[in-house]
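Examination of the molecular architecture
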Amino acid sequence: MKRFIPLISILLFISIVFTGCGRANMPSEDNTVVEPNEENLTIADYFPFKANTKMEYEGIGNEFAEEAIFFEFIKDNRGQIKVFNPGTVMVKVLEYKDGELREVFSQEEFYHIENMLNISNENNDIILKEPLKVGTSWNTSGGYKRSITGIDISIETPYKNFEALEITTELGEGRKQLEYYVKGIGPVASIYKDGEFEVKTLLEDLEKEPYEMDIRFYYPMYDDIKTGYIEKDIEFNTNDSIERILEYNLQNPGRNGLIPPISENTKINSIVLDRGNQMVKVDFSKELLTDMNAGSAMEGEILKSIVNTFGNFYGVEKVYLSTEGKPYSSGHFSIGKGEFFTVDYSKVEKLND
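Below or above, wherever it landed, is the structure these notes cover. In this text, all values refer to a predicted model and were calculated from it rather than measured experimentally.

Looking only at helices and strands, the protein chain has 6 helices and 20 strands in total. Counting over 353 residues, the protein chain shows a buried share of 53%. Within the protein chain, residue pairs in contact and separated by at least 24 positions form 54% of the contacts whose partners lie at least 6 positions apart. Here the protein chain has roughly 16,500 Å² of accessible surface; of this, 45% comes from carbon and sulfur atoms.

Here's what the structure looks like:
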């Protein structure tokens, strides 16, 4: 008979352990294990924000227990992590302030890249709290009691064995969540317990590297008035600019027979995802228009390539294009303020080998 675990319990590891903190102006740039003064331990010691470090976790007991995390953006006392598991991709923004680590934003189904560090505090869940000593306790946003229950607790993981800080969240009816943090590394284990039943998420690998993702780019084709697309493997380093990544790849198809939809001089000024209207707004430099030398048919394919690229990446059908803040307008195509282009995947050719 299968045991039912409420969704909040299945995802609790995402909500608790995959969080971190950094000193206000000292994010960790390597994997060196920090040995702080034992009498002056801080949250930053037990989970430094680590740039370009991918942490992978083995899952035991549940199909969603397997995880991987990566810090996409780090600035001052905030860090944004991307959490990957078999069920979803999630983004979380963590803030370390006044001796507390708080989750201030989270969203599932977050498959694109977007810097959310400046978002206002939508959540207010305390993940860790100083002083880091046994007995320190607080309530979660869900009303559960969370406390420090150990400082040097032995924990075995596939990566190595550790002495860790233990945090216990009491979930009621004999259920609890145990989280383990190691100085200089961060979260190394999470164990959900319901009687004898356990779900474990254990550190398996820790590597200094960017994370990779596939992005679909659309390009007009030389041999005919039509559009094709390529799936490109993109590397993303912590604090990279997604604007520059998309810009470069639109300028450089990387194979013969394709036309770059934007010139080398064209810059992406900004990208804004308007969630309320399910629309992405992209503002280009004036060169998008001044460097374009195309008839109406080819300009149509250029627009189709740009609109499809951004629409596909951000998961929307509406794309608003502007140049230097003004709605897109050329001799052949134009939109007004509040209007938009719509993605069109018809008559598009897949070009990957």
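Let's pick the thread back up.
Counting residues in hydrophobic clusters, the biggest one holds 53 residues, and the most contacted among them are L246, V280, F284, F310, Y314 and L321. The contact partners of L321, leaving out residues within four places of it in the chain, are V282, F284, L303, I306, V307, K326, P327, Y328, I335 and F341.

Strand order in this open sheet of 12 strands is β6-β5-β4-β3-β2-β1-β12-β11-β10-β9-β8-β7, and the pairing throughout is antiparallel. The sheet is open, and its two borders are formed by β6 (125–129) and β7 (137–139), each paired with just one other strand. Recorded for the sheet is a direction-independent mean angle of 30 degrees between the axes of neighbouring strands. Pairing geometry for strand β4 (residues 89–97) and strand β5 (residues 100–107), over 7 bridges, is antiparallel. Directly across from V93, in β5, lies its bridge partner F105.

In this section: a negative patch on the surface. Among the surface-exposed residues, E212, D214, D233 and E235 lie close enough to one another that they form a single negatively charged patch. Mapped onto the negative patch, the elements with two or more residues apiece are β13 (211–220) and β14 (227–236). You can see D233 is positioned in strand β14.

Calculation notes
- Residues numbered from 1 in each chain as written.
- Predicted model: local features only at pLDDT ≥ 70, side-chain atom pairs only at ≥ 80, totals over all residues.
- Heavy atoms only, no water.
- Helix = DSSP H or I, 4+ residues; strand = E, 2+ residues; numbered from the N terminus.
- Buried < 20%, exposed > 50% of the residue type's maximum accessible area, 1.4 Å probe, protein only.
- Contact = heavy atoms within 4.5 Å.
- Areas by Shrake-Rupley, 256 points an atom, 1.4 Å probe, with all protein chains shown as cover.
- Core = buried A, V, L, I, M, F, W, Y, C linked by side-chain atoms within 4.5 Å.
- Pairing = 2+ DSSP bridges.
- Axes fitted to C-alpha atoms, helices over the stretch in contact; angles between N-to-C directions.
- Patch = residues over 30% accessible without salt bridge, like charges linked within 9 Å, V, L, I, M, F, W, Y side chains within 5 Å.
- Salt bridge = Lys/Arg side-chain N within 4 Å of Asp/Glu carboxyl O.
- Lys, Arg positive; Asp, Glu negative; His and termini not counted.
- Charge placed at Lys NZ, Arg CZ, Asp CG, Glu CD.

Note that all results are geometric; they support no functional claim without further evidence.
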